[in-house]
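Listed below, chain by chain, are the residues.
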Amino acid sequence: MTPPGLRERKKARTRAAIREHAMRLFDEQGYAATTVDQIAEAADVSQSTFFRYFPTKEDVVLADDLDPLLAQAVRDQPADLHPIEAIKRGIRQVFTSVSAEQREQERRRQRLVQSVPELRARSLHQYAAAVDMLAAVVAERAGLPADDFPCRVLAGAVIGSLLAALPRGVEEPALDSGEFDAMDRALELLQAGLPLGPR
């Protein structure tokens, strides 16, 4: 993969600065009391620059920076792998590369999502977006149209399995080895056709 150029690195730094200042302000004075103007001022950017990176204040919290990394990690897996195995390896690759600081940022983000009703309500729509993203990658690997129905069903089953595997759901993601192991096990069950009964 080609390393990002100077322009992309500057954009990434600006985006990260906006988000970090926003999260700090949300912690200090509450989500509802924090305005876009305050966030832009704290990050030393104009309001129009803020909106180039985040369409709304909600998006500062809801945007998941790991999704594009996961899509690329799955895309990069060997072509002959079963799609669920490719997803398993992609998940492990992304989350084992996440720093301790990034893990804490994700916990912080999820805590805020769960504590603000409007964020929590809108986050439910993100599951549909996650299905769309994963289905498109699975279809691409198989040389199929992005809206291929079996690929969408598989992606939906994967997302549901991962949510079911989390010990505390999305309330407080641990992002630790135990959580990864549970997600692996869920995907192994799915890949095996969900055999039920005594283990």
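Heads up: these notes are all about the structure in this document. (Residues numbered from 1 in each chain as written. Predicted model: local features only at pLDDT ≥ 70, side-chain atom pairs only at ≥ 80, totals over all residues. Heavy atoms only, no water.)

**Focus: the pattern of salt bridges**
- Here the structure, examined in full by the defined rule, presents 18 salt bridges.
- For aspartate 65, the salt bridge identified is with arginine 19, shortest N-O distance 2.8 Å. In this pair, aspartate 65 is assigned in the loop between α4 (57–62) and α5 (66–75) and arginine 19 in helix α1 (residues 6–29), connecting sequence segments 46 residues apart.
- Note on arginine 19: relative accessible area 13%, which makes it buried.
- For arginine 108, the salt bridge is made with glutamate 20, and the minimal N-O distance between the two is 3.3 Å. One end of the pair, arginine 108, is in helix α7 (residues 100–115); the other, glutamate 20, is in helix α1, and 88 residues separate them in sequence.
- In this structure arginine 108 comes out as buried when scored by relative accessible area, which is 18%.
- In this structure glutamate 20 comes out as partly exposed when scored by relative accessible area, which is 35%.
- In this structure, a network of salt bridges that share partners links the residues Glu85, Lys88, Arg89 and Glu188. (Salt bridge = Lys/Arg side-chain N within 4 Å of Asp/Glu carboxyl O. Helix = DSSP H or I, 4+ residues; strand = E, 2+ residues; numbered from the N terminus. Buried < 20%, exposed > 50% of the residue type's maximum accessible area, 1.4 Å probe, protein only.)

**Brief notes about helix α2 (residues 36–43)**
- Turning to α2, its buried residues are Val36, Ile39, Ala40 and Ala43. Summarising the axial view, the buried residues of α2 lie within an arc of 95°, below the 170-degree limit, and thus occupy one face. (Arc of directions from axis to C-beta.)

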